Amino acid sequence: MLVVSLLAALLIGALWPAPAVGMTRSEGKLLRAMNSTRKAHGLHRLKSGDRLHHAAKSWAVHLRRNDTFYHRSLPSGQSENMGWLTCRRHWAKKLVGMWLASPTHRVHLLDRHARAVGVGVSKGHYLGYSCVRLAVTDFR
């Protein structure tokens, strides 16, 4: 029985990559929505990367706290999607749907060469709204 449990745990771990250290529930939700969409398009799942996660999280917090919204310079070989929504149910699926509808964002989300992603979500006051989720995703 112990062997079966260990094998099941290993199989689940292979199918669902472990989230980055310190990933919030919101960030995990967005990563799952992104990977679900990639799977539906015949693409592999993205693994979360700790460095990418830290950079995306820091940028999301900076943008929300400063009531601003713009892309920063990224190292060669990286791309970025950003977006924000007022707090609501199914926000992660809605945001991924918005990215799919935008040719520029769609290219990043469905990039077959991307292997890792950093997901950062900052929740709170933004641009006069009392509750917003601002998301930054860095692809590599």
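Residues numbered from 1 in each chain as written. Predicted model: local features only at pLDDT ≥ 70, side-chain atom pairs only at ≥ 80, totals over all residues. Heavy atoms only, no water.

Draft legend 1. Summary view of the pairing of strand 3 (residues 116-126). In terms of residue burial, strand 3 counts as a mostly covered element, since 9 of its 11 residues are buried. Pairing between strand 1 (residues 47-48) and strand 3: 2 bridges, direction parallel. Across the sheet, serine 48 pairs through a bridge with valine 117, a residue of strand 3. Bridge analysis of strand 3 against strand 4 (residues 129-139) gives 9 bridges, and the strand direction is antiparallel. Pairing of lysine 123 across the sheet is with arginine 133, part of strand 4. (Buried < 20%, exposed > 50% of the residue type's maximum accessible area, 1.4 Å probe, protein only. Helix = DSSP H or I, 4+ residues; strand = E, 2+ residues; numbered from the N terminus. Pairing = 2+ DSSP bridges.)

Draft legend 2. Representation of the sheet that holds strand 2 (residues 79-86). The 4 strands are arranged 1-3-4-2 in an open sheet whose pairing can be described as mixed. Here the strands that pair on one side only, and so sit at the sheet edges, are strand 1 and strand 2. Together, strand 1, strand 3 and strand 4 form the strand contacts of helix 2 (residues 25-40), whose direction differs from that of strand 3 by roughly 130 degrees. Across the face of the sheet, helix 3 (residues 50-65) comes into contact with strand 1, strand 2, strand 3 and strand 4 while running at roughly 20 degrees to strand 3. (Contact = heavy atoms within 4.5 Å. Axes fitted to C-alpha atoms, helices over the stretch in contact; angles between N-to-C directions.)

No statement about biological role is implied by the geometric values presented.
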